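Letter by letter, the chains look like this.
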Amino acid sequence: KFQEFIGNLDIIHLLNVVHVLFCVCLFLTLLSMVIIYYGDFLIQYFKLEIKYTKLAKWIKIRRQLQHYSLMWNLFIAFSLILIIMILNIWIFITL
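Here the structure is a predicted model, which is why all the values come from computation and not from measurement. (Residues numbered from 1 in each chain as written. Predicted model: local features only at pLDDT ≥ 70, side-chain atom pairs only at ≥ 80, totals over all residues. Heavy atoms only, no water.)

All right, on to helix 4 (residues 53-94) then. Under the 1.5 Å per step criterion, the end-to-end length of helix 4 is 61 Å for 42 residues, consistent within 8% with the ideal 62 Å. Taken residue by residue, helix 4 has Ala 56, Ile 59, Gln 66, Asn 73, Ala 77, Leu 80, Ile 84, Leu 87 and Ile 91 as its buried positions. (Helix = DSSP H or I, 4+ residues; strand = E, 2+ residues; numbered from the N terminus. Expected span 1.5 Å × (residues − 1). Buried < 20%, exposed > 50% of the residue type's maximum accessible area, 1.4 Å probe, protein only.)

This brings us to the packing of helix 2 (residues 11-45) against helix 4. One way to put it is that helix 2 packs onto helix 4 with a least axis distance of 9 Å and a crossing angle of 155°. As the angle between them shows, helix 2 and helix 4 are arranged roughly antiparallel. Seen from above, helix 2 lies across helix 4 with left-handed handedness. Of the residues belonging to the contact of helix 2 with helix 4, the class tally is 22 nonpolar, nine polar and three charged. (Axes fitted to C-alpha atoms, helices over the stretch in contact; angles between N-to-C directions. Parallel < 35°, antiparallel > 145°, perpendicular 65-115°, else oblique. Left-handed = near helix turned anticlockwise from the far one by under 90°. Nonpolar A, V, L, I, M, F, W, Y, C, P; charged D, E, K, R; others polar.)

On the surface, a cluster of nonpolar side chains totalling about 750 Å² of accessible area is made up of Val 34, Tyr 37, Tyr 38, Phe 41, Leu 42, Tyr 45 and Phe 46. Using a relative accessible area of 42% as the deciding quantity, one classes Val 34 as partly exposed. (Patch = residues over 30% accessible without salt bridge, like charges linked within 9 Å, V, L, I, M, F, W, Y side chains within 5 Å. Areas by Shrake-Rupley, 256 points an atom, 1.4 Å probe, with all protein chains shown as cover. Salt bridge = Lys/Arg side-chain N within 4 Å of Asp/Glu carboxyl O.)

A word on the pattern of salt bridges. As enumerated under the stated definition, the model contains three salt bridges in all. A salt bridge links Asp 40 to Arg 62, with the nearest nitrogen and oxygen atoms 4.0 Å apart. Here Asp 40, found in helix 2, pairs with Arg 62, found in helix 4; they are 22 residues apart in sequence, far enough to count as distant. Measuring nitrogen to oxygen at the nearest pair gives 2.7 Å for the salt bridge that ties Glu 49 to Arg 63. Pair noted here: Glu 49 is in helix 3 (residues 48-51) and Arg 63 is in helix 4, with a separation of 14 residues, a long-range link.

With that out of the way, let us pick up the side chain of Thr 29. Tracing the backbone shows Thr 29 in helix 2. Using a relative accessible area of 8% as the deciding quantity, one classes Thr 29 as buried. Those residues within four positions of Thr 29 in sequence are excluded, and the remaining contacts are Asn 73, Ile 76, Ala 77 and Leu 80. (Contact = heavy atoms within 4.5 Å.)

The next point concerns helix 2. Relative to the 51 Å expected for 35 residues at 1.5 Å per residue, helix 2 spans 50 Å between its end C-alpha atoms, a close match to the ideal helical length. Taken together, the buried positions of helix 2 are Leu 15, Leu 26, Thr 29, Met 33, Ile 36, Gly 39, Asp 40 and Ile 43. Here the buried face of helix 2 lies against helix 3 and helix 4.

Structure (structure tokens):
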């Protein structure tokens, strides 16, 4: 049923659907970055490394991987913004 719906759309409406999907992906990427930031803030605020010494090793590993996760999310966010801009410019030029 979804394929039938997509198949009946013209190119402008199809590009609008793609635009909305990219915006949702961008929102989820930004939400992930916020969760990464506030997760570390909560760990420091509640002093979980001090209270739970067995978790300290995992928290240190998490902090090391957090940098890479944040860089990956930034790459995805900027890529999506660039694609959305190109898509919007293409729609503007073709109309």
